[in-house]
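Chain by chain, the residues:
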Amino acid sequence: MSTRKERSEGTRAELVAAATDLFAEHGFAGVGTEDVVRRAGLTRGALYHHFADKRELFAAVHERQERELIGRIQELMAGAGPTGAPGAPDPIDVLLAGMRAFLDACREPGFVRIALLDAPTVLGWARWREVDERYGLGLVTTVLDGAMAAGALRRRDSRPLGHLLLAALGEAAQVIAHADDPDRARADMEAALLALLDGLRA
């Protein structure tokens, strides 16, 4: 039973990996299920055993992308702070490292295409936002709580503040994704977000 489950999970992972590459290259509308199974070297039956339709496959791709991005951001945040500094890193440095890592991701073509351009339309705003909050809100509020506990930010309820900061990051992402000059837009959005954070300092 364990081997069968592992095979099933492996097949699902292969489909998601193949679909991720294709959706990143061609967008949701430009990819058919036949393209996915051909890229994965599997059958249509295998695809429909795991996913009801192309939209649900896309949802799995988007969720995997969000999960991996949060993992990358957490790693960068864990290493934030002055090199060789004793004790815990500065909580503001941690927050800034996470913010900058997210803004950098907004210039990656695959992330832009899947998460920022296609996902809101394919999944609908509510479902797209739910995934965003599920992976991002907990991380943001945890970092805010840590910064408040350390005295770096003024004390306040971190959850509504986390929602607002996540929304600001989401809007910054959309500006970067749709900009004629993404590098310039990324710099402008970082400056604006830094100004917001300055207003929260203790």
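Look a little higher up for the structure.
Residues numbered from 1 in each chain as written. Predicted model: local features only at pLDDT ≥ 70, side-chain atom pairs only at ≥ 80, totals over all residues. Heavy atoms only, no water.

Digging into the overall build of the protein chain
Here's step 1: Assigned secondary structure in the protein chain consists of nine helices and zero strands.
Here's step 2: When the helices and strands of the protein chain are listed from N to C terminus, the series reads α-α-α-α-α-α-α-α-α.
Here's step 3: The C-alpha extent of the protein chain, read off along each of the three principal axes, is 60 × 45 × 30 Å.
Here's step 4: For the protein chain, the proportion of its 202 residues judged to be buried stands at 44%. (Helix = DSSP H or I, 4+ residues; strand = E, 2+ residues; numbered from the N terminus. Buried < 20%, exposed > 50% of the residue type's maximum accessible area, 1.4 Å probe, protein only.)

Examining the nonpolar core
Here's step 1: In terms of nonpolar packing, the biggest core is built from 43 residues, with Phe-102, Phe-111, Leu-116 and Leu-144 touching the most fellow members.
Here's step 2: In contact with Leu-116, not counting residues within four places along its chain, are Cys-106, Phe-111, Ala-173, Gln-174 and Ala-177.
Here's step 3: One finds Val-16, Leu-22, Phe-58 and Ala-119 within the second-largest nonpolar core, a separate group that totals 23 residues. (Core = buried A, V, L, I, M, F, W, Y, C linked by side-chain atoms within 4.5 Å. Contact = heavy atoms within 4.5 Å.)

Some words on the pattern of salt bridges
Opposite charge on two side chains permits them to pair, given that their charged atoms come into close proximity.
Here's step 1: Under the defined criterion, the tally for this structure stands at 18 salt bridges.
Here's step 2: Here Arg-72 and Glu-108 are joined by a salt bridge, their closest N and O atoms 2.7 Å apart. Here Glu-108 lies in the loop between helix 5 (91-105) and helix 6 (109-123) and Arg-72 lies in helix 4 (residues 54-78), a separation of 36 residues in the sequence.
Here's step 3: Of the residues examined, Glu-108 reaches a relative accessible area of 30% and is grouped as partly exposed.
Here's step 4: When salt bridges that share partners are traced, they join Arg-100, Asp-104, Arg-107, Asp-183, Arg-186 and Glu-190 into one network. (Salt bridge = Lys/Arg side-chain N within 4 Å of Asp/Glu carboxyl O.)

Concerning helix 1 (residues 2-26)
Here's step 1: Compared with an ideal rise of 1.5 Å per residue, which puts 25 residues at 36 Å, helix 1 spans 36 Å between its outermost C-alpha atoms and is within 8% of the ideal.
Here's step 2: Among the residues making up helix 1, those that are buried are Thr-11, Leu-15, Val-16, Ala-18, Ala-19, Thr-20, Leu-22 and Phe-23.
Here's step 3: Residues of helix 1 that are buried make contact with helix 2 (33-40), helix 3 (44-50), helix 4 and helix 6.
Here's step 4: Following helix 1 by one or two positions, Gly-27 has its phi on the positive side, about 80°. (Expected span 1.5 Å × (residues − 1).)

A look at helix 9 (residues 182-198)
Here's step 1: The terminal C-alpha atoms of helix 9, which comprises 17 residues, lie 24 Å apart, in line with the 24 Å expected from a rise of 1.5 Å per residue.
Here's step 2: Those residues of helix 9 hidden inside the fold are in contact with helix 5 and helix 8 (158-178).

Considerations on the packing of helix 6 against helix 7 (residues 125-149)
The axes of two packed helices give the description: the angle between them and the distance between them.
Here's step 1: Axis separation between helix 6 and helix 7 bottoms out at 6 Å; the angle between their running directions is 125°. Between helix 6 and helix 7, the crossing angle belongs to the class labelled oblique. Residues Ala-115, Ala-119, Pro-120 and Leu-123 of helix 6 form the contact with helix 7, whose participating residues are Trp-125, Arg-127 and Trp-128.
Here's step 2: Each residue belonging to the contact of helix 6 with helix 7 can be placed in one class, and the counts come to six nonpolar, no polar and one charged. (Axes fitted to C-alpha atoms, helices over the stretch in contact; angles between N-to-C directions. Parallel < 35°, antiparallel > 145°, perpendicular 65-115°, else oblique. Nonpolar A, V, L, I, M, F, W, Y, C, P; charged D, E, K, R; others polar.)

The values reported here are purely geometric and, on their own, carry no functional implication.
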